[in-house]
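In case you want the letters, here they are:
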Amino acid sequence: MARIIVVDLDGTLIRTDTLVESFFLYLRLFPLRFFWPLLWLMRGKVNLKHRLANVVIPDASSLPYNLELVKWLKKEHKVGAKLILATAADHRIAHAVFDHLGFFDEFIATNKVNLSAQNKRSALVERFGENGYEYIGNSKADLPVWESAAVIHMVNPECGVSNAAKKLTGKQGISFQNKVFYFKVLQKALRLHQWLKNILIFVPLVASHKIFEGTFALQGFLAFFI
């Protein structure tokens, strides 16, 4: 019988969360309707995911995939493993990722029920049986799923998740550790090394002795940070 490898999406197959990606994409396209997602969330997370997916679907080709994991999955698929994408994301987002990558055999995702934690475990056990699958995840929500998995694989596990997973009865599999630290990314995004050049903005103010005049100083600092 072929190995069944079930893969989580958010924080595992990709380095981000598709709900967050969808939310910011929505805000970029409809900034004046920022309050609608808050109203949708009041009727539950499933409703929020469904409503957002009605309006926006992140481009599957531009998502930040965990390339090390993708490479491993392709290799396992070539030797006969059956790959299942199982995610709490809306089923339309899962379908987009499924179509883009092309190496998954099937996918299950949130439709009427939020496919996370116990709900995901129940769906997988019903489909493949207890200990009938290997599972790759990263978060506390994956712990119930690992409890019924034959093999536990982890990708950049959240704080405390690795130790909790090691206490489970499932066989410990591969751990992919390639997380990029937030502050390192933030520093690069802010381009702090370029800020030194911005000091030149203040040269005319100093030369004209207007550096301490309120309006000019404020405009100078705004220009510096912009």
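Residues numbered from 1 in each chain as written. Predicted model: local features only at pLDDT ≥ 70, side-chain atom pairs only at ≥ 80, totals over all residues. Heavy atoms only, no water.

So, about the pattern of salt bridges. Enumeration over the complete set of coordinates arrives at eight salt bridges. Of the charged contacts, one joins R3 and E134 as a salt bridge, the two residues approaching to 2.7 Å between their closest N and O atoms. Of this pair, R3 sits in the segment before β1 (4-7) while E134 sits in strand β4 (residues 134-137), and the two are 131 residues apart along the sequence. The class for E134 is buried, based on a relative accessible area of 10%. As a salt-bridge pair, K82 and E106 come within 3.4 Å of each other at their nearest N and O atoms. One end of the pair, K82, is in strand β2 (residues 82-90); the other, E106, is in strand β3 (residues 106-110), and 24 residues separate them in sequence. (Salt bridge = Lys/Arg side-chain N within 4 Å of Asp/Glu carboxyl O. Helix = DSSP H or I, 4+ residues; strand = E, 2+ residues; numbered from the N terminus. Buried < 20%, exposed > 50% of the residue type's maximum accessible area, 1.4 Å probe, protein only.)

All right, on to the packing of aromatic side chains then. Across all of its chains, the model carries 12 aromatic pairs by this definition. Taking the centre distance of 5.7 Å and the plane angle of 85° together, the rings of F34 and F35 count as edge-to-face. Assessed through its relative accessible area of 35%, F35 is described here as partly exposed. Aromatic ring contacts, followed pair by pair, group Y26, F30 and W40 into a single cluster. (Phe/Tyr/Trp six-rings, centres within 6.5 Å; stacked < 30°, edge-to-face > 60°.)

Purely geometric stuff here, so don't read any function into it on its own.
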